[in-house]
2 protein chains.
Amino acid sequence: MQTKTHTSTESELRQDLVTGDWVIIATGRAKRPEDFVSLQHADIESSRDSCVFEDPNHSGQEPDVLIYRTKDKDWTLRVFPNKFPAVSRGRAPRSLEQGPYFGMTGTGYHEVIVTRDHNRSIALLDVNAVAELADAYQERYLNLMNKKNIRYISIIHNHGKGAGASIAHPHSQLFAVPVISPYVQLELSGSEQYFKSNRSCAYCTMFTYELKRRERIVFENSDFIAFCPYASRSAFEVWVAPKKHSPYFERLNDSAKLLFGEAMKNSLYALYAGLSNPDYNFYVHTAPCDGNDYPHFHWHVEILPKTSTWAGFELSTGIEISTIQPEVAADYLRKQSSY
Amino acid sequence: MQTKTHTSTESELRQDLVTGDWVIIATGRAKRPEDFVSLQHADIESSRDSCVFEDPNHSGQEPDVLIYRTKDKDWTLRVFPNKFPAVSRGRAPRSLEQGPYFGMTGTGYHEVIVTRDHNRSIALLDVNAVAELADAYQERYLNLMNKKNIRYISIIHNHGKGAGASIAHPHSQLFAVPVISPYVQLELSGSEQYFKSNRSCAYCTMFTYELKRRERIVFENSDFIAFCPYASRSAFEVWVAPKKHSPYFERLNDSAKLLFGEAMKNSLYALYAGLSNPDYNFYVHTAPCDGNDYPHFHWHVEILPKTSTWAGFELSTGIEISTIQPEVAADYLRKQSSY
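No experiment lies behind these values; they were computed from the predicted model shown. Residue numbering note: each chain is counted from 1, following its sequence as written. All chains are assigned letters beginning at A, and all ligands numbers beginning at 1, according to the order in which they are written. Two thresholds apply to this predicted model, a pLDDT of at least 70 for residue-level local features and 80 or more for giving and counting side-chain atom pairs, whereas whole-chain, interface and lining totals are computed over all residues.

1. Section: the overall build of chain A
Piece 1. Regarding its fold elements, chain A presents 7 helices and 14 strands.
Piece 2. Each radius of gyration reported is based on C-alpha atoms, and the globular scaling rule is 2.2 Å times the count of residues to the power 0.38. For 339 residues, the compact-globule estimate of 2.2 N^0.38 gives 20 Å, and chain A sits close to it at 20 Å.
Piece 3. Projecting the C-alpha coordinates of chain A onto the three principal axes gives extents of approximately 65 × 55 × 40 Å.
Piece 4. Taken across its 339 residues, chain A has 53% of its residues classed as buried.
Piece 5. Note that contacts rest on C-beta atoms placed from the backbone: two residues are in contact if these are within 7 Å. Taking all contacts inside chain A whose residues are at least 6 apart in sequence as the whole, residues at least 24 apart take part in 67%. Here a strand is any run of E in DSSP of at least two residues, a helix any run of H or I of at least four, and the numbering for each starts at the N terminus. With C-beta atoms placed from the backbone, the exposure class of a residue follows from how many other C-beta atoms lie within 10 Å of its own: 20 or more, buried; 12 or fewer, exposed; in between, partly exposed.

2. Points about the sheet that holds strand S2 (residues 22-25) of chain A
Piece 1. Here a strand pair is declared whenever DSSP counts at least two bridges between the two strands. The mixed open sheet is built from 4 strands, whose spatial order is S5(A)-S1(A)-S2(A)-S14(B). The open sheet has two free edges, formed respectively by strand S5 (102-105) of chain A together with strand S14 (320-322) of chain B, since each of these has just one partner strand. On average, each strand axis in the sheet is inclined to that of its neighbour by 25°, with strand direction left out of account.
Piece 2. Alignment of S2 of chain A against S14 of chain B, held across 3 bridges, turns out to be parallel. Residue pairing for S14 of chain B: Ile25 of chain A is matched across the bridge by Ser322 of chain B. To obtain each axis, a line is fitted to C-alpha atoms, and for helices this fit is confined to the stretch in contact; angles are then taken between N-to-C directions over 0 to 180 degrees.

3. Comments concerning the interface of chain A and chain B
Piece 1. Counting residues at the interface gives 85 residues for chain A, matched by 85 residues for chain B.
Piece 2. Broken down by element, the side of chain A that touches chain B gets its largest block of residues, 8 residues, from helix H3 (residues 182-198) of chain A.

4. Here we look at the sheet that holds strand S2 (residues 22-25) of chain B
Piece 1. The 4 strands lie next to each other as S14(A)-S2(B)-S1(B)-S5(B), forming an open sheet whose pairing is mixed. Of all strands in the sheet, those with a lone pairing partner are strand S14 (320-322) of chain A together with strand S5 (102-105) of chain B, marking the two edges. Averaged over all pairs of adjacent strands, the angle between strand axes in this sheet comes to 25°, irrespective of strand direction.

5. Details of the relation of the copies chain A and chain B
Piece 1. When chain A is fitted to chain B, the best match, at an RMSD of 0.0 Å, comes from turning it 180° and sliding it 0.0 Å along the axis. Read as a symmetry element, the transformation amounts to a two-fold axis. Rotation axis and chain A: the residue whose C-alpha lies nearest the axis is Tyr183 of chain A, separated from it by 4.4 Å.
Piece 2. Most of the interface of chain A is mirrored in chain B, where 100% of its interface residues again form contacts. The copies were overlaid by least squares, fitting only the C-alpha atoms of residues that reach a pLDDT of 70 or more in each copy.

6. Some thoughts on the environment of Pro326 of chain B
Residues and elements named next belong to chain B.
Piece 1. Looking at the element boundaries, Pro326 is found in helix H7 (residues 326-336).
Piece 2. Take Pro326: there are 24 C-beta atoms within 10 Å of it, and that puts it in the buried class.
Piece 3. Considered as a pair, Pro326 and Phe175 are 151 residues apart in the sequence and their alpha carbons are 30 Å apart.
Piece 4. Residues within four places of Pro326 in sequence aside, it is in contact with Arg216, Cys228, Pro229, Tyr230 and Ser232.

7. Quick word on the pairing of strand S11 (residues 238-242) of chain B
All names here are of chain B.
Piece 1. Of all 5 residues in S11, 5 are buried, a share of seventy percent or more.
Piece 2. Of the two faces of S11, both are covered, the one formed by Val238, Val240 and Pro242 as well as the one formed by Trp239 and Ala241.
Piece 3. In this structure, strand S10 (residues 224-227) lies alongside S11, joined through 4 bridges in antiparallel fashion. Directly across from Phe227, in S11, lies its bridge partner Trp239.
Piece 4. In this structure, S11 lies alongside strand S13 (residues 300-305), joined through 3 bridges in antiparallel fashion. Bridging from a neighbouring strand, Val240 pairs with Val301 of S13.

8. Examining the pairing of strand S6 (residues 109-115) of chain A
For a regular strand, side-chain orientation follows a simple rule: the groups alternate between the two sheet faces.
Residues and elements named next belong to chain A.
Piece 1. Burial analysis of S6 places 7 of its 7 residues in the buried class, the great majority of the element.
Piece 2. Direction of pairing for strand S4 (residues 75-81) relative to S6: antiparallel, over a ladder of 5 bridges. When the bridges of S6 are listed, Phe80 appears paired with Val112.
Piece 3. Here S6 pairs with strand S8 (residues 171-177) via 6 bridges, running antiparallel.

9. A few points about unusual backbone geometry
Piece 1. In this model, Ser276 of chain A sits at a positive phi of 60°, which is unusual for a non-glycine residue.
Piece 2. Relative to the assigned elements, Ser276 of chain A resides in the loop between helix H5 (254-275) and strand S12 (280-285).
Piece 3. Judged by C-beta crowding, with 13 C-beta atoms within 10 Å, Ser276 of chain A ranks as partly exposed.
Piece 4. Backbone geometry places Lys73 of chain B, a non-glycine residue, at a positive phi of 75°.

10. Looking at the packing of helix H5 (residues 254-275) of chain B against H7 of chain B
Residues and elements named next belong to chain B.
Piece 1. Close contact between H5 and H7 brings their axes to 8 Å; oriented N to C, the two are set at 95°. By the angle between their axes, H5 is roughly perpendicular relative to H7. Within the contact between the two elements, H5 uses Ala270, Leu271, Ala273 and Gly274 and H7 uses Tyr332, Leu333 and Gln336.
Piece 2. Here the residues of the contact of H5 with H7 are counted per class, giving 5 nonpolar, 2 polar and no charged. Each angle receives one of four descriptions, namely roughly parallel if under 35 degrees, roughly antiparallel if over 145, roughly perpendicular if within 65 to 115, and oblique otherwise. Any residue outside Ala, Val, Leu, Ile, Met, Phe, Trp, Tyr, Cys, Pro, Asp, Glu, Lys and Arg is labelled polar, Gly included; the first ten of those are nonpolar and the last four are charged.

11. Let's talk about the packing of helix H2 (residues 127-144) of chain A against H5 of chain A
Residue and element names in this part refer to chain A.
Piece 1. With their axes 8 Å apart at the nearest point, H2 and H5 run at an angle of 115° to one another. Of the possible angle classes, the one that applies to H2 and H5 is roughly perpendicular. H5 is crossed by H2, and the crossing has right-handed handedness. Contacts from Val127, Val130, Ala131, Ala134 and Asp135 in H2 reach Lys257, Leu258, Phe260, Gly261, Glu262, Met264 and Lys265 in H5.
Piece 2. Of the residues belonging to the contact of H2 with H5, the class tally is 7 nonpolar, 1 polar and 4 charged. What makes a crossing left-handed is the near helix being turned counterclockwise from the far one by less than a right angle; a clockwise turn instead makes it right-handed.

12. A look at the environment of Ile67 of chain B
All names here are of chain B.
Piece 1. Residue position: Ile67 is located in strand S3 (residues 66-69).
Piece 2. Judged by local crowding, Ile67 falls into the partly exposed class, with 15 C-beta atoms found within 10 Å.
Piece 3. Among all residues touching Ile67, those that are not within four sequence positions of it are Trp75 and Arg78.

13. Quick look at the confidence of the model for chain A
Piece 1. Taken as a whole, chain A shows an average pLDDT of 93; of its residues, 94% reach a score of 70 or greater.
Piece 2. Across the assembled chains, the prediction reports ipTM 0.94 with pTM 0.95. Scored from 0 to 100, pLDDT reflects the predictor's confidence in each residue.

14. A word on H3 of chain A
Piece 1. With 17 residues, H3 of chain A should cover 24 Å at 1.5 Å per step; its first-to-last C-alpha distance of 23 Å lies within 8% of that length.
Piece 2. Residues of H3 of chain A that are buried: Pro182, Tyr183, Val184, Leu186, Glu187, Leu188, Gly190, Ser191 and Tyr194 of chain A.
Piece 3. Elements that come into contact with the buried residues of H3 of chain A comprise strand S7 (152-159), helix H4 (202-213) and S12 of chain A together with helix H3 (182-198) and helix H6 (312-317) of chain B.
Piece 4. Two residues or fewer after H3 of chain A comes Arg199 of chain A, characterised by a positive phi angle close to 55°. Given the number of residues in a helix, its expected span is that number minus one, multiplied by 1.5 Å.

15. Description of the environment of Ala330 of chain A
Piece 1. Inspection of the secondary structure puts Ala330 of chain A in helix H7 (residues 326-336).
Piece 2. Here the alpha-carbon distance between Ala330 of chain A and Pro229 of chain A, two residues 101 residues apart in the chain, equals 9.2 Å.

Here it is as structure tokens:
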């Protein structure tokens, strides 16, 4: 049987025939089957001396695409392409059909955003440094959003081994990909449908109600709200969002960025203090950059602490079980959030 | 503000305002906020002497709803309600609206299915015992599928701490719930749409192609196929499915049950041998029992080994990254599957 082949260093995007779901087969990170045995027990490298992000140039990382420095020229933040990218720069995506299946080469951008201090997670940074991190997110987003074939950009942060971080040094990641997944689509079409039915943004409605009711609020300032969502998928889940309607993270302006940094810092600090530095993931949900407008969407950050393991029922149905009421979680986090 | 309240032992089903996603707040299992600190490091109780499933009656489990015995009257399998249910039996679901949000009391059934041997996971059972397990799944499914307010039944199995098992003794779980989640809906509407466009079942198409191509097959017998899906979401993911079109797991007949047992046992044994007893989840995806027919659907089991951690990108976009090609994984598993 003849099918198009591709070189083994390129990753592949493959689509589920039934759900339209996408997966990435990252052969650039490929392992031998036997390697998966030891992988399960692999520990995170946490010592500063052997940290590959302490001096990225000397540890063989890719050249920086962005670097921020103090007046003394010491770096405070840098961004470089991931050495083991899930998607890789370069050629236009090529179709990789196989029988009834659809796939394509995994082209795109996968970058790492590293803050200076090996031992300071975002919860322990000062607000200016968190705003600077948001700056870097945005600068890279703006740089990549109009690239050919890029339809969605995901900015994420993994903290701790349980949350999938393989390097202890605090770092975020940016993935620019040529597809919009059905999962992202759920929020896009849900908010569009809500807008059509109610002539208002679902998220604005949510935030207005939360600010009135107050029992799920974790933190707020003039421009941002941080709260435990009514339908939290994990215990102590926190969302951070602009109060004013805005579909596009990349349009966050510099004065609001400081307020965003404050809301992020406070939320992460509350988790740090209340749950003794738990593992967590957070990510920015913003409108796609596929050339369409998404006026009904409202960008926000979702913070998911690893307070439990999503097991068979959650994986099978997508219905997550949480063992604490978001109201109780928010009350507890609110008490932690002075620092 | 007046809203309906509910007793703290009842769990709650809450729906995301935007996506329609459901979560369960299982207050029957409720913890104090402080408890989540130690939970992160909790170990699984694995000794046989202190196992609560060795003698369920004496360890304070609920009375059996099903028990299978040998001729000598020793039990081989038993089913009882979960002592800390995610959803609880009893009253009809009551609406629990709150401002713009929709929720309801978490009514349903949550049962535990326990096989006799503390130390024998399914990979190590003989085929008859696996068929007996499938028997129990089916018997409980049939018993609950027509209960009032039950719209979907999920049967799952968690193996190992990393896969969310909190008790080492091999056990499966059945969840009968009053909602069909958007995640399950993706498969239902995807297969319906495929059927409308192609006048054939998407799954049958997939299996026919896999059986012809053979590179992703892990095991097959006359009635069942086990293979690594083209768009595997985790390394070494395996699906087990009937070759003949059938939307409904509960219609699996007794002769096919033995062949199903063989396919399951072989697949799980291949993972056991090849990956040194990895943690995994598996679950049955079958058509809902909500009174509608789903002729276009095709039931199957999905086995997801915990070969990696789904981190920020996966959680944010639903796009899973896997570091081995399903073809390579299947080839490796095929070599393990003689036992």
